[in-house]
Amino acid sequence: MKLSRKQDLSIFYWLEGLVPSSVNVVDGFPSDSLELPTVSITSLDVSGLPFELGGCDQNQFFWRIDTFGKNSVQRDDLSHTVFDALELNIPVYDYDVGFPPGVSPPRIGTLIVSKRRITPIRVFKELVEKLYWRSGITFFTTYQVI
């Protein structure tokens, strides 16, 4: 499995462990049948940053976590829980050996988080079947081996 997929899975399982079990966690944008509350993770852009002499680049990933709540209080609570936890960075695990809950894969590195931002997103009730409250949390990560 490629390192980028291990990073994606690490964020997904990190989110599952962070939010209450009553919150749905989705890899990618939620489908048409949105169940509230939901938190979703999407990898957006990848860019190369100059890393060392000799022309090597380090990949910098741009991520978006969307929170969907039944009301503005639930949305804000989920958003700030995730936003605050991002300050501590995200551990990366080797999922080649297995997946939780049956297996506890070894930690292989850390995603160093930078440029965190929360943006509330207005949802117009005239345009959706089921009214919900949404916000987007964007951030950048670079990978660091432990």
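Residues numbered from 1 in each chain as written. Predicted model: local features only at pLDDT ≥ 70, side-chain atom pairs only at ≥ 80, totals over all residues. Heavy atoms only, no water.

Q: Can you break down the layout of surface pockets residue by residue, with the values?
A: A volume near 300 Å³ is recorded for the largest pocket. Looking at the largest pocket, it is lined by 13 residues, and the ones nearest its centre are Ser31, Asp32, Leu34, Val128 and Tyr132. Broken down by class, the residue content of the lining of the largest pocket amounts to 8 nonpolar, 2 polar and 3 charged. (1 Å grid on protein atoms, 1.4 Å probe; cavity = no way out; pocket = protein on both sides within 12 Å on 5 of 7 lines; lining within 4 Å. Points joined across faces, edges and corners; volume = space filled by probe spheres on them. Nonpolar A, V, L, I, M, F, W, Y, C, P; charged D, E, K, R; others polar.)

Q: How would you explain unusual backbone geometry if you had to name every residue and give the values?
A: Here the amide bond leading from Leu36 into Pro37 is cis, since omega sits at -10 degrees, within 30 degrees of zero. Within the secondary structure layout, Pro37 lies in the loop between strand S1 (24-27) and strand S2 (38-52). Even without being glycine, Asn89 reaches a positive phi, approximately 70 degrees. Among the structural elements, Asn89 can be located in the loop between helix H2 (72-86) and strand S4 (90-93). Even without being a glycine, Lys115 presents a positive backbone phi close to 55 degrees. Mapped onto the fold, Lys115 is located in strand S5 (residues 107-121). For Lys115, a relative accessible area of 59% translates into the label exposed. (Helix = DSSP H or I, 4+ residues; strand = E, 2+ residues; numbered from the N terminus. Buried < 20%, exposed > 50% of the residue type's maximum accessible area, 1.4 Å probe, protein only.)

Q: Summarise the packing of aromatic side chains; cite the residues concerned and give the values.
A: All chains considered together, the criterion is met by 8 aromatic pairs. Taking 5.8 Å as the distance between ring centres and 25 degrees as the angle between the ring planes, the aromatic pair formed by Phe61 and Trp63 counts as stacked. We note that Phe61, like Trp63, is buried. Relative to Phe140, the ring of Phe62 lies with its centre 4.7 Å away and its plane at 25 degrees, an arrangement referred to as stacked. Here Phe62 is found in strand S3 (residues 56-69), whereas its partner Phe140 is found in strand S6 (residues 133-145), with 78 residues between them in sequence. Grouping aromatic residues by their ring pairs yields a cluster made of Phe12, Tyr13, Tyr93, Tyr95 and Phe99. Positioned above the aromatic ring of Phe140, the side-chain terminus of Lys115 is 5.1 Å from the ring centre. Above the plane of the ring of Phe83 lies Arg116, whose end atom (NZ or CZ) is 4.1 Å from the centre. (Phe/Tyr/Trp six-rings, centres within 6.5 Å; stacked < 30°, edge-to-face > 60°. Lys NZ or Arg CZ within 6 Å of the ring centre and 35° of its normal.)

Q: Let's hear about the pattern of salt bridges: which residues, and what values?
A: Applying the stated criterion across every chain, the model contains 7 salt bridges. Between Arg5 and Asp27 there is a salt bridge, with the nearest N and O atoms lying 3.3 Å from each other. Separated by 22 residues along the polypeptide, Arg5 in helix H1 (residues 3-18) and Asp27 in strand S1 bring together distant segments of the chain. Classification of Arg5 as partly exposed rests on a relative accessible area of 35%. Taking the shortest distance from any N to any O, the salt bridge between Asp66 and Arg64 comes out at 3.0 Å. Taking the relative accessible area as the measure of exposure, Asp66 reaches 1% and is therefore buried. Taking the relative accessible area as the measure of exposure, Arg64 reaches 21% and is therefore partly exposed. Bridged by salt links that share partners, the residues Arg5, Asp8 and Asp27 form one connected network. (Salt bridge = Lys/Arg side-chain N within 4 Å of Asp/Glu carboxyl O.)

Q: Could you give an account of the environment of Val73, naming the residues involved and the relevant values?
A: Residue position: Val73 is located in helix H2. Taking the relative accessible area as the measure of exposure, Val73 reaches 62% and is therefore exposed. In this structure, the C-alpha to C-alpha distance between Val73 and Trp133, residues 60 residues apart in sequence, is 8.9 Å.

These figures come from the coordinates and say nothing about function on their own.
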